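Descriptive structure summary
Now for the letters of each chain:
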Amino acid sequence: SEANKSTKNILYLFAGIAGINLIILVHELGHFLCAQFFHLKTPIFSLGFGPSIYEQIIGATTFKIALFPIGGYVQINSQELSQQPYINQIAILLGG
């Protein structure tokens, strides 16, 4: 039936968004763990962009899920990053 197809399409859409976000989560986690390994401050770890839907502070980092679920970022203190040796900077950038 038509309603059943619409329900399936919506479920596929949500499954696709969840799959993409899993890839983004792993990617950003790589940057985050490398930055932590080199003792850089990471004030924000965000899955998504825009206003926060959910936030949890753990240590000195605010982990958040934002309204727009495509993308993500790890905020790294740029001054601290620039003071790191070049090889550390490359490791952090490629860590994702």
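Anyway, here's the lowdown on the structure attached to this text. (Residues numbered from 1 in each chain as written. Predicted model: local features only at pLDDT ≥ 70, side-chain atom pairs only at ≥ 80, totals over all residues. Heavy atoms only, no water.)

A short note on the nonpolar core
In terms of nonpolar packing, the biggest core is built from nine residues, these being Phe32, Ala35, Phe38, Leu40, Phe45, Val74, Ile76, Leu81 and Ile92. Not counting the four nearest positions on each side in its chain, Phe45 is found in contact with Leu25, Glu28, Leu29, Phe32, Thr61, Thr62, Phe63, Lys64, Tyr73 and Val74. (Core = buried A, V, L, I, M, F, W, Y, C linked by side-chain atoms within 4.5 Å. Buried < 20%, exposed > 50% of the residue type's maximum accessible area, 1.4 Å probe, protein only. Contact = heavy atoms within 4.5 Å.)

A short note on the packing of helix H1 (residues 2-37) against helix H3 (residues 86-94)
Axis angle and axis distance: for two packed helices, these are the angle between their axes and the distance between the axes, and together they describe the pair. Packing of H1 against H3 brings their axes to within 7 Å, and their N-to-C directions diverge by 155°. Overall, the two elements H1 and H3 adopt an arrangement that is roughly antiparallel. Here H1 contributes His31, Cys34 and Ala35 to the contact with H3, which in turn contributes Ala91, Ile92 and Leu93. Looking at side-chain class alone, the contact of H1 with H3 contains five nonpolar, one polar and no charged residues. (Axes fitted to C-alpha atoms, helices over the stretch in contact; angles between N-to-C directions. Helix = DSSP H or I, 4+ residues; strand = E, 2+ residues; numbered from the N terminus. Parallel < 35°, antiparallel > 145°, perpendicular 65-115°, else oblique. Nonpolar A, V, L, I, M, F, W, Y, C, P; charged D, E, K, R; others polar.)

Focus: the side chain of Thr42
Structurally, Thr42 can be placed in the loop between H1 and strand E1 (44-58). At a separation of 2.7 Å, a polar atom in the side chain of Thr42 contacts the side chain of Gln36. (Polar contact = N/O pair within 3.5 Å; in protein donor to acceptor, adjacent residues only side chain to side chain.)

Description of the pattern of salt bridges
Between side chains of opposite charge, pairing is possible as soon as their charged atoms come close. By the definition in use, this model includes one salt bridge. The partner of Lys41 in a salt bridge is Glu80, and the shortest N-O contact between them spans 3.6 Å. Here Lys41 is found in the loop between H1 and E1, whereas its partner Glu80 is found in helix H2 (residues 78-82), with 39 residues between them in sequence. The class for Lys41 is exposed, based on a relative accessible area of 55%. (Salt bridge = Lys/Arg side-chain N within 4 Å of Asp/Glu carboxyl O.)

Side note on a nonpolar patch on the surface
Taken together, the side chains of Phe49, Ile53, Tyr54, Ile65, Leu67 and Phe68 make up a nonpolar region of the molecular surface, amounting to roughly 610 Å² of accessible area. At the level of elements, E1 and strand E2 (61-75) are the ones that each hand at least two residues to the nonpolar patch. If you trace the backbone, Leu67 turns up in strand E2. For Leu67, a relative accessible area of 45% translates into the label partly exposed. (Patch = residues over 30% accessible without salt bridge, like charges linked within 9 Å, V, L, I, M, F, W, Y side chains within 5 Å. Areas by Shrake-Rupley, 256 points an atom, 1.4 Å probe, with all protein chains shown as cover.)

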